[in-house]
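Residue strings, one per chain:
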Amino acid sequence: RDQLGMVFEVGQSIFLAGRRVKLYPELHVRYENARGDWWTAVAVRPTLSLSSLLPGKIDLVGAVGLEFLHHPDSADYRPWQADGDRQDWIVRAQLSVGRAFTSWLRGDLSYRYRLNHSNSRVWDYQRHEVGFTLTAKAELLKPAVARKKGGH
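Residues numbered from 1 in each chain as written. Predicted model: local features only at pLDDT ≥ 70, side-chain atom pairs only at ≥ 80, totals over all residues. Heavy atoms only, no water.

J.: Before we go on, may I ask you to explain the packing of aromatic side chains in this structure?
T.: Evaluated as defined, the whole model comprises three aromatic pairs. With a centroid separation of 6.0 Å and an interplanar angle of 90°, the aromatic rings of tryptophan 39 and tryptophan 123 are classed as edge-to-face. One end of the pair, tryptophan 39, is in the loop between strand E3 (21–34) and strand E4 (41–54); the other, tryptophan 123, is in the loop between strand E7 (105–118) and strand E8 (125–136), and 84 residues separate them in sequence. Centroid distance phenylalanine 68 to tryptophan 89: 4.9 Å. Interplanar angle 50°. Geometry classified as tilted. With a gap of 21 residues between them, phenylalanine 68 in strand E5 (residues 58–71) and tryptophan 89 in strand E6 (residues 86–100) connect regions that are remote in the sequence. Look at tryptophan 89 and you get partly exposed, because its relative accessible area is 45%. (Phe/Tyr/Trp six-rings, centres within 6.5 Å; stacked < 30°, edge-to-face > 60°. Helix = DSSP H or I, 4+ residues; strand = E, 2+ residues; numbered from the N terminus. Buried < 20%, exposed > 50% of the residue type's maximum accessible area, 1.4 Å probe, protein only.)

J.: Honestly, the pattern of salt bridges in this entry has me stumped. Any pointers?
T.: Opposite charge on two side chains permits pairing when their charged atoms draw close. All told, the structure shown has nine salt bridges when counted by the stated rule. The network of salt bridges with shared partners includes Arg30, Glu32, Arg45, Glu67 and Arg92. (Salt bridge = Lys/Arg side-chain N within 4 Å of Asp/Glu carboxyl O.)

Have a look at this one:
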């Protein structure tokens, strides 16, 4: 789908337990103007995330969000067979654990869940995703170290 989209996100970190736990409420608002009018969408999703540093330098991150997705020009799009414009309620949840092995290598194991409930039965579904990610970081260009005044 060809589209032009705009996203607005705002969130706030709230540190607890001596900065070892972080609560992160966030609001996500999205508009997608699609070439096919029935795909044009407006969405609002509040999300609450919680992260913590566990023993062994293991990171734990969990999040849950509820999204309302509305396709305002979709009432006449027959394949969806919806009563009026298509409207979806989407529950998202995720949990991940990760650890940095070295200064340049990190591993993460994650689980994501999505429950899509729509007034068009075509878009009612559940999705479970499990993933393992290895991330390697390379610094190709390091900034020059500033010299102290006095020549030493």
